[in-house]
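Tertiary structure, described
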Amino acid sequence: MISPVCIQATRRAAFDLARAMAASCLLLVAAMADEDRDPPAENPLAELATLEYRPAAPVEGSLKLSGSSTLEQAAAFWAEGFMRVHPSATVTLDRTSTDSGWRDLAEGKADVALL
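Rules used in this analysis
Residues numbered from 1 in each chain as written. Predicted model: local features only at pLDDT ≥ 70, side-chain atom pairs only at ≥ 80, totals over all residues. Heavy atoms only, no water. Phe/Tyr/Trp six-rings, centres within 6.5 Å; stacked < 30°, edge-to-face > 60°. Helix = DSSP H or I, 4+ residues; strand = E, 2+ residues; numbered from the N terminus. Patch = residues over 30% accessible without salt bridge, like charges linked within 9 Å, V, L, I, M, F, W, Y side chains within 5 Å. Areas by Shrake-Rupley, 256 points an atom, 1.4 Å probe, with all protein chains shown as cover. Salt bridge = Lys/Arg side-chain N within 4 Å of Asp/Glu carboxyl O. Pairing = 2+ DSSP bridges. Axes fitted to C-alpha atoms, helices over the stretch in contact; angles between N-to-C directions. Contact = heavy atoms within 4.5 Å.

1. Side note on the packing of aromatic side chains
Under the criterion given, the structure shown has one aromatic pair. Measuring from centroid to centroid gives 4.9 Å for W78 and F82, while their planes differ by 25°, and the two rings are stacked. Here the residue W78 and the residue F82 both occupy positions in helix α2 (residues 72–85), the gap between them amounting to four residues, near one helical turn.

2. Some words on a nonpolar patch on the surface
On the surface, L45, L48 and L51 cluster together to form a nonpolar patch covering roughly 330 Å² of accessible area. Mapped onto the elements, L45 comes out in the loop between α1 (4–35) and β1 (61–68).

3. So, the sheet that holds β1
Reading across the sheet, the three strands line up as β2-β1-β3 and stay open at both edges, with parallel pairing between neighbours. The open sheet has two edge strands with one neighbour each: β2 (89–96) and β3 (112–114). Strand-to-strand twist of the sheet, defined as the mean angle between neighbouring strand axes without regard to direction, takes the value 20°. When β1 meets β3, the two strands line up parallel, connected through three bridges. By the bridge assignment, G67 is partnered in β3 with L114. Lying over the sheet, α2 contacts β1, β2 and β3, oriented at roughly 175° with respect to β2. The sheet contacts of helix α3 (residues 98–106) involve β1, β2 and β3, and relative to β1 the element is tilted by about 145°.

So, in structure tokens, the structure goes:
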């Protein structure tokens, strides 16, 4: 006669094996479903590099940016690109602090506050 402990161990092993096989089947089905999809584009943003900005109207005059020195590099790149698109405009950058940027904007000493 087979002991009850052996029977329980065999049942547990059978259930574990059944669970493992079911999980494997689900993974196989999921993998096969992915094969039916179109392959992803190499770089979904690649075509953005070919887009060109065309302003609706030219901008002239000066624009002053004031504020956080943390944003200095980003603001400088933006200013360079802006002046390339609008050659009649000048952009100046006054890097101080966030508080100064707010104050300059409120007092009309700056057109944009870098916060």
